Amino acid sequence: MADKIHIKDLEVFCNHGVFPEENKLGQKFLVSAVLFTDTRAAGLSDDLEKSINYGDISHQMHDFLQKNTYRLLERAVEELAAHLLKTTPRLECIQIELKKPWAPIGLPLAYASVEIERSWHTAYLGLGSNMGDTRKYIEDAVHALAQMDDCRVEAVSEWIVTKPYGVADQDDFLNGCLQLRTLLPPRELLGRLHTLEHAAGRTRTRPWGPRTLDLDILLYDDLVMHTPELTIPHADMHHRAFVLQPMAEIAPYTLHPLLKKTMLQLRDALK
């Protein structure tokens, strides 16, 4: 996204620092932000409601940094970025730099600073269950994701009953997919999903075996990654009808970043 709103070197007197006297006495900080948003509608209409009010954002940053105290600049900018992304409509991405002009290091310097970029991401998840109350396990997981303040469930497919994949001697599965808007990076999202699986009583004793709850990251923006614990896009999704059918329902024209085919095309090719 090319449209940006800049806020440069807003002065805030606050109490962040490793040393106790910094937390007690306070000092001046400078905070800058780049807000990524689509300004087209505001530019055509001259309507502030269709943009982001940089005055409001400036006051929010000022008040947040004054009301909270952190030892590290890293923590301060992380919490501030998350707060603004969660509370500001139309804010897709933010860059924040927090400068400390009087950093107590015993040497002359202009300032020390930490700068980060954080944004909303779109992930697609596969859900499945073939043990116990399968519908309850899956719907409880959807509800839990919707309750997380750094995740927003945007679309959920119909649930479908499918034959087991890979290991045939087990009960049929209930499967579906959902679209998730999230601030979590992929590994942190995977950790949340494992926590939900564990809460549902899942045990990993047999590959592709029966399970109370199975949650997979299928796609994450246009990301391509491979690590020992996580591969995105999901390595086998284009072979699985129980993934492609619900994906074609909620995201028919979303492209597979490696195969360069839509979910509809992949589903039809599998047929």
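Each remark here, short or long, concerns the structure printed above.
Residues numbered from 1 in each chain as written. Predicted model: local features only at pLDDT ≥ 70, side-chain atom pairs only at ≥ 80, totals over all residues. Heavy atoms only, no water.

Draft legend 1. View of the packing of helix 7 (residues 241-250) against helix 8 (residues 263-270). Following both chains from N to C, one finds helix 7 and helix 8 inclined at 140°, their axes separated by 9 Å at the closest point. Viewed along their axes, helix 7 and helix 8 adopt a mutual orientation that is oblique. Pair helix 7 / helix 8 crosses with left-handed handedness. Contacts between helix 7 and helix 8 pair Ala 241, Leu 244, Gln 245, Met 247 and Ala 248 from the former with Met 263, Leu 264, Leu 266, Arg 267 and Leu 270 from the latter. Across the contact of helix 7 with helix 8, the residue classes tally to eight nonpolar, one polar and one charged. (Axes fitted to C-alpha atoms, helices over the stretch in contact; angles between N-to-C directions. Helix = DSSP H or I, 4+ residues; strand = E, 2+ residues; numbered from the N terminus. Parallel < 35°, antiparallel > 145°, perpendicular 65-115°, else oblique. Left-handed = near helix turned anticlockwise from the far one by under 90°. Contact = heavy atoms within 4.5 Å. Nonpolar A, V, L, I, M, F, W, Y, C, P; charged D, E, K, R; others polar.)

Draft legend 2. Region of interest: the state of the cysteines. Summed over the entire model, instances satisfying the criterion amount to zero disulfides. The structure places no disulfide on Cys 151, whose sulfur is separated from the nearest cysteine sulfur, that of Cys 177, by 16 Å. A residue is classified by how much of its surface remains accessible, and Cys 151, at 2% relative accessible area, is buried. (Disulfide = S-S within 2.5 Å. Buried < 20%, exposed > 50% of the residue type's maximum accessible area, 1.4 Å probe, protein only.)

Draft legend 3. Here's a closer look at the pattern of salt bridges. Using the criterion set out here, one finds 14 salt bridges in the structure. In this structure, Glu 79 and Arg 75 form a salt bridge, with 3.0 Å as the shortest nitrogen-oxygen distance. In this pair, Glu 79 and Arg 75 both sit in helix 4 (residues 73-87), four residues apart, roughly one turn of the helix. Glu 79 gets classed as partly exposed once you look at its relative accessible area, which sits at 28%. (Salt bridge = Lys/Arg side-chain N within 4 Å of Asp/Glu carboxyl O.)

Draft legend 4. Seen up close, the side chain of Asp 214. Residue position: Asp 214 is located in strand 9 (residues 214-220). Among the residues examined, Asp 214 registers a relative accessible area of 13% and is labelled buried. Sequence-distant contacts of Asp 214, defined by excluding residues within four places in its chain, comprise Gly 126, Leu 127, Gly 128, Glu 197 and Arg 202.

Draft legend 5. View of unusual backbone geometry. Looking along the chain, the bond that leaves Ile 232 and enters Pro 233 is cis, with omega of -5°. Within the secondary structure, Pro 233 is located in the loop between strand 11 (231-232) and helix 7. With a phi angle near 75°, Arg 90 is a residue other than glycine that sits in the positive phi range. Position of Arg 90 relative to the elements: it lies in the loop between helix 4 and strand 3 (93-100). At Asp 221, a residue that is not glycine, the phi angle is positive and equals roughly 50°. The residue Asp 221 is located in the loop between strand 9 and strand 10 (225-226) in this model.

Draft legend 6. Main features of the sheet that holds strand 3. Here we have four strands laid out as an open sheet, ordered 1-2-3-4, and antiparallel in their pairing. With partners counted over all chains shown, the strands left at the sheet margins are strand 1 (4-14) and strand 4 (112-119), one partner each. In this sheet, adjacent strand axes meet at a mean angle of 15° when their direction is disregarded. Two strands pair when backbone bridges link them, and strand 3 and strand 4 are joined in this way by eight bridges, in the antiparallel orientation. Across the sheet, residue Glu 97 finds its bridge partner in strand 4, namely Glu 115. Against the sheet, helix 3 (residues 54-67) engages strand 1, strand 2 (27-36) and strand 3, with an angle of about 30° to strand 1. (Pairing = 2+ DSSP bridges.)

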